[in-house]
Amino acid sequence: MPIKTALLCNGHKVNCIKENAQKGRGVMYMDIAGRIKEFRREEKLTQARLAELLNVSRQTVGAWEQGRALPDVEMLRGISEALHRDMLCFFGTPQGEDEQRCSCIRMIEDLCGEKDTAHFAWQEDVPSGADYQGGIYVSGKAMRFDENGADYQGVAVTAEAYRENGFYYCIPFIKNNGSENSGQITLMRSLDILLPETHLQYESINGDSADGASFFPVYRELNTGDSISVCAHTGRPSEGVFPVFALRYGTVKQLFAIGWAGRWSYEIHVTEKGTRITAGIPQADFYLKPGEEVRMPSVICITGTGEEVYARFRSFLKKKTDSFMRGRCLPIAASPFDRYFWENPRHECFSRKGQMRVAEAMKEIGSFDTLWLDAAWFRDAETFPLGVGNYSVRDVFDYTLKPVSDYAHKSGFRFLVWFEPERVCRGTEMYASHPEYMLKGESGDSFLYDLSAPGAAEYLASALLDAMDKNGIDILRIDYNIIPIAYWQQHDEPGRRGITELGCVAGWYRLLDRLHAARPDLIIDNCASGGRRLEPETLMRTVSLWRSDMGCHPDTPTNRVTVWKQNCTPSLSRYLPYHGSGSWDACGYECRCGCTSGACCQFDYWGKEYDPDITKKAVAEIKHLRNYWLGDFYPLTEITTDETVWAGYRLAKNGNGVFYLFRREQALNDSMIINVPEAAEGKYCIRVSDEFYNTCEFTVEGAVLRTGISIKIPHKRQSAVVEYIAL
């Protein structure tokens, strides 16, 4: 049998048979290797110069020209641009001759027998069924991940995998056990599966973009010929895209999740043979030095019959976080940072006395448990972000946060403080202490901390722990307001494209693990300009207290923040056991859509119209209902930005539960029927709280609650909370 390799052209996989093969119209031999060499020489480029232009090694170019390896579609586009040729010229088609170009595409389709825009395909056929294992190319040879270990030219590809009742979790690793540099490692895929299905329903959500598109559901019917390609292009894994999706076919639903705090990609292609799903790291092309090991994205695959796959995914993440959450809810915190800082970074709030005043307001209100100090405490914070990288405290705090934390602790509160350890500005303390850890980007003043450097993660963990100890900090808030991809790519060594990202992502996990090893019960808030680093591996080690920077702004006629929050809550609750947000106002409509099992209350504690009475009721309700968020979540209404409708969702735990209902600004209906299908026989107490937290109670039979009760909200842009308790 002839050996087959694969390459893509204009969305079509081309099987390049290493011998002349008769097929239909006659013999067609596609000498891509020869054409790369021919065009390179015509452009008077050496292999080394072409490699430099493409950010690959000279050995990779040599492998292409010798036919030992083939570029993927993205690389072929780059080669075409570098050699000033149309892509189809590599298949023997003269540039600009439309008829011949179309004929070439038809012949490519005939040779392939299918359309497939995957970034790679294995040299051997992939069997149908649930063979999740992915792999890599080493010097043009395909290698599968093997839980027992596999080796080629000194390169071992292994996988730590866990399987149980339709649940699969795998972390792949690559190691060079040889005494010399490895061959080029390309086309890294943690997942490769062929489902024998040609009609499927795809569902996922957007990532965070701090607007109405954030975490908005995405649904699509997939049939033969359809494709989906998703990539976290910026290197922040949930910026605009989300690393979890599901496919439903017949009575089966499968969930797939990619665990990688960097640039991941996945592709789905439906052909007559079935549905091919691949996931991994795009455009990697590097070698490993002797003894060097890298990890790849982890993969989670869950098979079930419906919503249970989401429940199992949430349960898996929750079990992982139980080691530090220990049954606790998210903080109920006071932090007016966004309300005051951007207009006046020297506001009285951001001082020792100001924070104590916030703590005094918290004591008066009651129900708070955390004082939250955001990015206003460190030296030069008033010039934000230029002070990021300083861990010493501003003069307005008398150069220490310890008196503030002592006061908070004495008042019964935890102390949460903001850091952004991976961004470092020129001239700061972190920059001066370890300039060799700084990755330079396009901006001359901001650097990315190099977590791939030996000892860098350990040093950073020590610096954070030291700052926490000196200042009495209980909860660590880590932000990530820097787009890393350009920094990573700029610092890749020649012939090692992607190696910096691999090291930095592994260093990020090592940093978190080291922090937890030192403080096993430490809650770490995972923030990245809001919710732009929500991926499974990070979410096993952190929780998201601030799911989107849409919470940095009040609701306005153009920024419908309350509606966006009403959508984010049911959308994210399908995937995550913990996610938090904030509220600018204590009124029910605003506050309720910004709370989960905790909340960040950005109320106007210095304002003339500040009302401590309504604030006390609002925060007391958050505390009273917070434990329901540790139970089951049920959306009641469609997720939409339409303001002529109601929005609502239900939470249930141990037979009791609560409804959150919102009558939007243009909704004409003043009532909604709600019910609890699983309500037991017997009586239930129904407690209804209106927009102003006035409550009324009545009793109904379980049969009535199963059938439905009508809840009225008399005015537009108001809300109600309905709690039901079995008697």
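Just so you know, the residues in each chain are numbered from 1, in the order the chain's sequence is written. It should be noted that, the model being predicted, local features are given only for residues of pLDDT at least 70 and side-chain atom pairs only at 80 or more, the latter also being counted only at that level, while totals for whole chains, interfaces and linings use all residues. The basis for every side-chain value is the complete set of non-hydrogen atoms in the structure, without hydrogens or water.

Caption draft 1: Focus on unusual backbone geometry. Of note, the amide linkage connecting Phe384 to Pro385 takes the cis form, showing an omega dihedral of 10°. Secondary structure elements follow DSSP: runs of H or I of four or more residues count as helices, runs of E of two or more count as strands, with numbering from the N terminus. Looking at where Pro385 falls in the secondary structure, it is placed in the loop between β21 (370–373) and α9 (402–410). Phi angles above zero are rare outside glycine, and Asp380 is one such case at about 70°. One non-glycine residue, Ser529, lies in the positive phi region at around 50°.

Caption draft 2: Just the pattern of salt bridges, in detail. Here a salt bridge means any side-chain nitrogen of Lys or Arg lying within 4 Å of a carboxyl oxygen belonging to Asp or Glu. The final tally for this structure, using the stated rule, is 46 salt bridges. One salt bridge connects Glu382 with Arg394, and the closest N-O pair in it is separated by 3.5 Å. Of this pair, Glu382 sits in the loop between β21 and α9 while Arg394 sits in the loop between β21 and α9, placing them 12 residues apart in sequence. The closest approach of N and O atoms between Lys683 and Glu701, which form a salt bridge, is 2.6 Å. Of the two residues, Lys683 is situated in strand β34 (residues 683–689) and Glu701 in strand β35 (residues 695–701); the sequence distance between them amounts to 18 residues. Using a relative accessible area of 35% as the deciding quantity, one classes Glu701 as partly exposed. Each member of the salt-bridge network shares a partner with another, and the members are Asp555, Arg560, Glu643, Glu665 and Arg717. Between buried and exposed lies partly exposed: a residue is buried under 20% and exposed over 50% of the maximum accessible area for its type, with that area taken using a 1.4 Å probe on protein chains only.

Caption draft 3: Representation of the packing of helix α8 (residues 352–365) against α9 within the structure. Close contact between α8 and α9 brings their axes to 9 Å; oriented N to C, the two are set at 10°. Here α8 is positioned roughly parallel relative to α9, judged by the angle of their axes. Together, Arg352, Gln355, Met356, Ala359, Glu360 and Lys363 of α8 and Pro403, Val404 and Tyr407 of α9 make up the contact between the two elements. Under the scheme applied here, ten amino acids are nonpolar (Ala, Val, Leu, Ile, Met, Phe, Trp, Tyr, Cys and Pro), four are charged (Asp, Glu, Lys and Arg), and all others, including Gly, are polar. Split by residue class, the contact of α8 with α9 holds five nonpolar, one polar and three charged. Simply put, an axis is a line fit to the C-alpha atoms, just over the touching stretch for a helix, and the angle between two N-to-C directions goes from 0 to 180 degrees. Angle categories: roughly parallel below 35 degrees, roughly antiparallel above 145, roughly perpendicular from 65 to 115, and oblique for all the rest. Pairs of residues are marked as contacts when any of their non-hydrogen atoms sit within 4.5 Å.

Caption draft 4: Inspection of the packing of aromatic side chains at higher detail. Aromatic contacts are taken between Phe, Tyr and Trp rings whose centres are within 6.5 Å, Trp giving its six-membered ring; a plane angle under 30 degrees counts as stacked, one over 60 as edge-to-face, and the others as tilted. Across all of its chains, the model carries 37 aromatic pairs by this definition. Ring geometry for Trp629 and Phe633: centres 6.2 Å apart, planes at 35°, overall tilted. In terms of burial, Trp629 and Phe633 fall into one category: buried. Look at Phe659 and Tyr724: their rings are 5.8 Å apart centre to centre, the planes differ by 50°, and that puts the pair in the tilted class. One end of the pair, Phe659, is in strand β32 (residues 656–663); the other, Tyr724, is in strand β37 (residues 718–726), with 65 residues separating them in the sequence. An identical accessibility class is assigned to Phe659 and Tyr724; each is buried. Members of the aromatic cluster, each reached through a chain of ring pairs, are Phe337, Phe341, Trp342, Phe350, Trp377, Phe378, Phe384, Tyr391, Trp418 and Phe419. Above the plane of the ring of Tyr287 lies Arg496, whose end atom (NZ or CZ) is 5.2 Å from the centre. Its guanidinium or amino end placed over the ring of Tyr310, Arg574 lies 4.0 Å from that ring's centre, counting from NZ or CZ. We call a charge positioned over a ring when the NZ of a Lys or the CZ of an Arg lies within 6 Å of the ring centre and within 35 degrees of the ring normal.

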